[in-house]
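One letter stands for each residue in the lines below.
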Amino acid sequence: MKTIDYYYSTRSNFTYLGAARINSLAKQWGRKLLHRPILLAQTMPAIGGLAFDERPTMLRTYAMTDALRWAGHLGIALLREPVHHVGPVELPSGIVIAGQRACGRGEQGDVDLLSLLVLQALWRDDQDIADTTVIERLCAEAGYGDPIGLVEEAMSAAVQAELRRNCTEAIVRGVIGAPTYFIDDENFYGQDRLELVAETLARG
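Everything quoted here is computed from the prediction, not taken from an experiment. (Residues numbered from 1 in each chain as written. Predicted model: local features only at pLDDT ≥ 70, side-chain atom pairs only at ≥ 80, totals over all residues. Heavy atoms only, no water.)

So, on to the environment of Glu54. Of note, Glu54 is situated in the loop between helix H2 (40-46) and helix H3 (57-74). On a C-alpha basis, the gap between Glu54 and Asn187 in space is 26 Å, while along the polypeptide they are 133 residues apart. (Helix = DSSP H or I, 4+ residues; strand = E, 2+ residues; numbered from the N terminus.)

Put into structure tokens, the structure is as follows:
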């Protein structure tokens, strides 16, 4: 099966805005999403960029306003700046990797849905996605049979090492932000490029 490499931060509002659509496009065109959560605090400095909280206030304000415009355009509920916007990334990123690994082992669960639920919990519902109780509930909603075990795996050395490898790989492949989608090695940055992603997928 052909794939879509999907690089993103689990704390990115623009990733959230595109999450349901990239899930739908992958299913429509028979592609498997390969989830590659990354840490923007590691990837952005390596390409000369700044982490969000280090950008000038004017740019941060514009980015938030633009996200709200897109949310209105798409009909997606989005909080401007959730209380839990800033927080640890190891668990929400690790749970997606662990969920993907579980699916690869043939266990029950839907990693595409899990990823969407994590983003939605933060940006729609202002839940603490670094809280194990929250993440365990989301795992159950995504159909995983052992949420507690999956959370333990998410924080394991092996999964956290994969998260770091994703960051290195993203830098090497020219990922300049989140979300980024690779269709047959062609790089598309931003949820506002999903129309172009759809056209590329349609061409096969």
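Moving on, we get to the side chain of Thr15. Mapped onto the secondary structure, Thr15 falls in helix H1 (residues 13-28). Thr15 gets classed as buried once you look at its relative accessible area, which sits at 0%. Setting aside anything within four residues of it in sequence, one finds Thr15 in contact with Tyr6, Tyr8, Ser9, Leu119, Ala178 and Pro179. (Buried < 20%, exposed > 50% of the residue type's maximum accessible area, 1.4 Å probe, protein only. Contact = heavy atoms within 4.5 Å.)

When you tally the buried positions in strand E2 (residues 32-37), you get 5 out of 6 residues, the bulk of the element. Bridging between strand E1 (residues 3-8) and E2 involves 6 bridges; their strand directions are parallel. The partner of Tyr7 across the bridge, within E2, is Arg36. (Pairing = 2+ DSSP bridges.)

With that settled, consider the packing of H1 against helix H5 (residues 111-123). The interhelical angle for the contact between H1 and H5, taken along N-to-C directions, is 155 degrees, at an axis separation of 9 Å. On the basis of their axis angle, the class for H1 and H5 is roughly antiparallel. Crossing angle aside, the handedness with which H1 passes H5 is left-handed. Contacts from Asn13, Thr15, Tyr16, Ala19, Ala20, Asn23 and Lys27 of H1 reach H5 at Asp112, Leu113, Leu116, Leu119, Gln120 and Trp123. Along the lines of polarity and charge, the residues of the contact of H1 with H5 split into 7 nonpolar, 4 polar and 2 charged. (Axes fitted to C-alpha atoms, helices over the stretch in contact; angles between N-to-C directions. Parallel < 35°, antiparallel > 145°, perpendicular 65-115°, else oblique. Left-handed = near helix turned anticlockwise from the far one by under 90°. Nonpolar A, V, L, I, M, F, W, Y, C, P; charged D, E, K, R; others polar.)

With 15 residues, helix H4 (residues 90-104) ought to run about 21 Å at 1.5 Å a step, and its terminal C-alpha atoms sit 21 Å apart, in line with that. Along H4, 11 of the 15 residues are buried, which leaves the element largely enclosed by surrounding structure. Where H4 terminates, the next one or two residues include Gly106, which has phi positive at roughly 85 degrees. (Expected span 1.5 Å × (residues − 1).)

By the definition in use, this model includes 3 aromatic pairs. Summarising the aromatic geometry, the rings of Tyr6 and Tyr181 are spaced 5.6 Å apart at their centres and angled 25 degrees between planes, so their arrangement reads as stacked. Residue Tyr6 is found in strand E1, and its partner Tyr181 is found in strand E3 (residues 180-183); the two are separated by 175 residues along the sequence. With respect to class, Tyr6 is no different from Tyr181; both count as buried. With a centroid separation of 5.7 Å and an interplanar angle of 70 degrees, the aromatic rings of Tyr7 and Phe182 are classed as edge-to-face. A residue pair is termed long-range when its members are at least 10 positions apart, and Tyr7 in strand E1 and Phe182 in strand E3 qualify at 175 residues. Across the pair, exposure class does not vary: Tyr7 and Phe182 are buried alike. The ring of Phe182 carries Arg173 above its face, with NZ or CZ at 3.9 Å from the centroid. (Phe/Tyr/Trp six-rings, centres within 6.5 Å; stacked < 30°, edge-to-face > 60°. Lys NZ or Arg CZ within 6 Å of the ring centre and 35° of its normal.)

Below, the discussion takes up the sheet that holds E2. Pairing is mixed across the open sheet formed by 4 strands, whose spatial order is E2-E1-E3-E4. Taken across any chain shown, the strands that pair with only one partner, and hence form the sheet edges, are E2 and strand E4 (186-189). Across this sheet, the average inter-strand angle for adjacent strands is 20 degrees, counted without regard to direction. Here helix H8 (residues 157-173) sits on the sheet in contact with E1, E2, E3 and E4, set at roughly 105 degrees to E1.

Across all of its chains, the model carries 12 salt bridges by this definition. A salt bridge links Arg69 to Asp66; the nearest nitrogen and oxygen atoms lie 3.5 Å apart. Highlighted residues: Arg69 and Asp66, both in helix H3, separated by 3 residues, approximately one helical turn. Where Arg137 meets Glu141, a salt bridge forms, and the shortest distance between an N and an O atom there is 2.7 Å. In this pair, Arg137 and Glu141 both sit in helix H6 (residues 132-141), 4 residues apart, roughly one turn of the helix. Under the relative-accessibility criterion, Arg137 is labelled partly exposed at 34%. (Salt bridge = Lys/Arg side-chain N within 4 Å of Asp/Glu carboxyl O.)

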